[in-house]
Amino acid sequence: MRRIDIVLLGLGIFLGGGLIFLGLRLAGLSDLDAGRWSQLIFVLGLLGWVSTYLIRVNGKKMTYHQQLQDYEDAVLEKRLAELTPEELEALQAEDQSTASPATPAAPSSDPSP
């Protein structure tokens, strides 16, 4: 975000709080009660926003993490495209050997111990 966006966002929040206060005053609440309720609404909104931020952090859906993941994927795709067929076969053979460990011997069908 640009600086002007932050300034306008702050101004909008400030004016929004004032409008909530005025709306509560017009609804018949006293200055003190309208101030308390408008602060409560603001704090609950702030806590809601922070909770969405924490959810994105825990889910690793932040912009930096997504950009880093996209970059790593692109680098790996480029390296894979640059491999010769022989290198690709060797890599696939290595992957298959590490993916499937040796199978254990089948138990004998002899019932005697």
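Fair warning: this is a prediction, and the values are worked out from it, not measured in the lab.

### Concerning the overall build of the protein chain
Of the regular secondary structure elements, the protein chain holds four helices and zero strands. Start at the N end of the protein chain and walk to the C end: the helices and strands fall as α-α-α-α. Counting the 113 residues in the protein chain, one finds 4% classified as buried. Working note: accessible area of the protein chain is about 10200 Å², and carbon and sulfur atoms make up 65% of it.

### So, the side chain of Ser 38
Within the secondary structure layout, Ser 38 lies in helix α2 (residues 31-58). Classification of Ser 38 as buried rests on a relative accessible area of 12%. With residues up to four places along the chain from it excluded, the contact list for Ser 38 reads Gly 17, Ile 20, Phe 21 and Leu 24.

### What to know about the pattern of salt bridges
Applying the stated criterion across every chain, the model contains three salt bridges. When the shortest N-O distance is used, the salt bridge between Asp 31 and Arg 25 registers 2.6 Å. Residue class for Asp 31 comes out partly exposed when judged on its relative accessible area of 48%. For Arg 25, a relative accessible area of 35% puts it in the partly exposed group. Salt-bridge contacts for Asp 33 lead to Arg 36; the nearest nitrogen and oxygen are separated by 3.9 Å. In this pair, Asp 33 and Arg 36 are both assigned in helix α2, three residues apart and thus about one turn of the helix distant. According to the relative accessible area criterion, Arg 36 is exposed, its value standing at 52%.

### A look at the UniProt feature "transmembrane region" (unreviewed entry) in the protein chain
When the UniProt feature table is mapped onto this chain numbering, "transmembrane region" (unreviewed entry) sits at residues 7-28 and 34-55. As a span, residues 34-55 carries 100% helix and 0% strand, and end to end its C-alpha atoms are 32 Å apart.

Reading the values: rules and limits
- Each chain has its residues counted from 1, running along the sequence as written.
- In view of the model being predicted, local features appear only for residues whose pLDDT reaches at least 70, and side-chain atom pairs are presented and counted only at 80 or more, with totals across whole chains, interfaces and linings using the full set of residues.
- Where side-chain values are given, they derive from all heavy atoms of the structure, hydrogens and water being excluded.
- Note on conventions: DSSP H or I runs of at least 4 residues are helices, E runs of at least 2 residues are strands, and numbering of each starts at the N terminus.
- Think of it in three bands: residues with accessible area under 20% of the maximum for their type are buried, residues over 50% are exposed, and the middle band is partly exposed, with areas taken using a 1.4 Å probe on protein chains only.
- Note on areas: Shrake-Rupley, 1.4 Å probe, and residue coverage restricted to the protein chains presented here.
- Contacts are residue-level and defined by heavy atoms, with any inter-residue pair within 4.5 Å sufficient.
- Just to be clear on terms, a salt bridge is a Lys or Arg side-chain nitrogen sitting within 4 Å of an Asp or Glu carboxyl oxygen.
- UniProt positions are given in the numbering used here, feature names are shortened, and annotations may be inferred rather than shown by experiment.

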